[in-house]
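Examination of the molecular architecture
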Amino acid sequence: PAAVPHKPRVFSLYPLEPSVIEYGSQFFDLTVPGDPDWKNWREEAEAVMVRSNVIDADDVAKFGPGLKFVGKHGVGIDQLAAKEIRSKGVIIMNTAGVNATAVAELALALTMTLARNIPAIDRRIRSGATVDKNAEGAVGIQLTGRTFGIVGGGNIGYTLGKMLYGAFGAQIYLYDPVLSPTMAQKWADLLPSSKLIRVDNVDDMMPHIDVLSLHVPLIESTRGIIGEKQLKAMKPTAIVVNTARGGVVDEAALLKALKEKWISAAGIDAYAIEPPHVDNYSELIAQERVVSLPHIGAASLDVIRITAIAVLDHLKDAFAG
Ligand code: NAD
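In this text the structure is predicted, and so the values were computed from the model without any measurement.

What counts and what doesn't
Residues numbered from 1 in each chain as written. Predicted model: local features only at pLDDT ≥ 70, side-chain atom pairs only at ≥ 80, totals over all residues. Heavy atoms only, no water. Near = heavy atom within 4 Å. Polar contact = N/O pair within 3.5 Å; in protein donor to acceptor, adjacent residues only side chain to side chain. Areas by Shrake-Rupley, 256 points an atom, 1.4 Å probe, with all protein chains shown as cover. Nonpolar A, V, L, I, M, F, W, Y, C, P; charged D, E, K, R; others polar. Buried < 20%, exposed > 50% of the residue type's maximum accessible area, 1.4 Å probe, protein only. Helix = DSSP H or I, 4+ residues; strand = E, 2+ residues; numbered from the N terminus. Right-handed = clockwise from strand over helix to strand, strands pointing away. Axes fitted to C-alpha atoms, helices over the stretch in contact; angles between N-to-C directions. Parallel < 35°, antiparallel > 145°, perpendicular 65-115°, else oblique. Contact = heavy atoms within 4.5 Å. Pairing = 2+ DSSP bridges.

Attention now moves to the site of the ligand. Around the ligand, 24 residues are found, and the nearest of them are Asn155, Ile156, Asp176, Ser221 and Asp269. The contact in question runs from an oxygen atom of the ligand to an N or O atom on the side chain of Asp176, over 2.6 Å. Between Asp269 and the ligand, the recorded distance is 2.9 Å, taken from a side-chain N or O atom to a nitrogen atom. In isolation the ligand offers 860 Å² of accessible surface; the protein chains occlude 82% of this area. Across the shell around the ligand, the residue classes break down as 11 nonpolar, 10 polar and three charged.

A word on the pairing of strand β7 (residues 171-175). With four of five residues buried, β7 lies mostly within the body of the structure. Once you follow strand β6 (residues 147-151) into helix α7 (residues 155-168) and on to β7, the crossover reads as right-handed. Handedness of the crossover joining β7 and strand β8 (residues 196-198) through helix α8 (residues 181-190) is recorded here as right-handed.

Quick look at the packing of helix α1 (residues 18-25) against helix α12 (residues 301-320) now. Between α1 and α12, the least distance of the axes is 10 Å, while the angle of their chain directions is 10°. It follows that α1 is roughly parallel to α12 by the angle criterion. Mapping the contact onto sequence places Ser19, Val20, Tyr23 and Gly24 in α1 and Arg305, Ala308, Ile309, Leu312, Asp313 and Lys316 in α12. Counted by class, the contact of α1 with α12 contains five nonpolar, two polar and three charged residues.

A sheet is described by the order of its strands in space; here seven strands give the open sequence β8-β7-β6-β9-β10-β11-β12, paired in parallel fashion. The two strands at the open ends of the sheet, each matched to only one other strand, are β8 and β12 (290-292). Within the sheet, the average angular offset between the axes of one strand and its neighbour, ignoring direction, is 15°. Sheet topology places β7 next to β8; three bridges connect them, and they run parallel. Considered in β8, the bridge of Ile172 is made with Leu196. Along the sheet, α7 contacts β6, β7 and β9 (211-214); its crossing angle with β6, the most-contacted strand, is approximately 170°.

The structure is reproduced here in structure tokens:
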């Protein structure tokens, strides 16, 4: 009889949805919490899947010789004794970039809702006002054919760019002086050169764009990258969307820009002090054309499933060499 191909033994330290178990079982002998021999994960696993689970040095001391990979659901690995794990020759893999669709969709949602001033008009109607369709604030801007500025062209920025070009035929100014060659190629393949303008200085895009969306990590070079100078240079109809990190936009400058109408609106999923609260941001939150969210960019029902599938795919590739 033909030999049954070996399915690596993979132990998940966190529960998986039935559809994910079904997917993973095609490639792996998969053991999940609640299975009878689940407690033997240290000794018997060839790969382990972790989410917020802790793997400490004592666990590592019990690792069997067959363990090759730890697949992390998400990016942060602070709860893993990484040094000890690696010293056993075990490779730790994360799932970067899996949140991109969820965050890009939220940036788009904020853009669209602010382009038509939806939250403010809805609030007026709730409060009992009669809002005429020609009322101040009820006449918005369309996005089709508009010009967008994206700061940070990585996973999220690129995913948003794809949506904007696909849905609106957008022209895109991109500022990312440290864009990886792989991502640069993806951008070049996505847009005709007449639609993609890469700038070497973020200031150069400001006068041209209708929407600014931020997709950079908060690091030395990005802290306060959008401040008074940049906001002042924008169109008065412009919308600023920040789903990156609070410190990337100078919040005092943003408040000033809104009050003095240098720009028209701001969608903010990332505050310097989170979650956003009136105690810290009474004026900013109260602006009629500000929508505040408590860092929900990646909070979609799909993300958990998609991430678990990504962990399994990484493990599949890793075992295939
Ligand atoms: P990524 O690493 O794929 O992309 C980041 C991009 O920023 C890279 O292309 C990099 O070249 C670029 N960059 C670095 N320094 C820069 C600089 N000084 N100027 C311009 N560009 C610069 O990361 P990603 O997955 O696209 O995520 C982007 C950011 O989104 C994260 O760092 C995080 O802060 C934020 N985020 C927010 C949420 C949320 O819930 N709102 C969720 C996930 C990520």
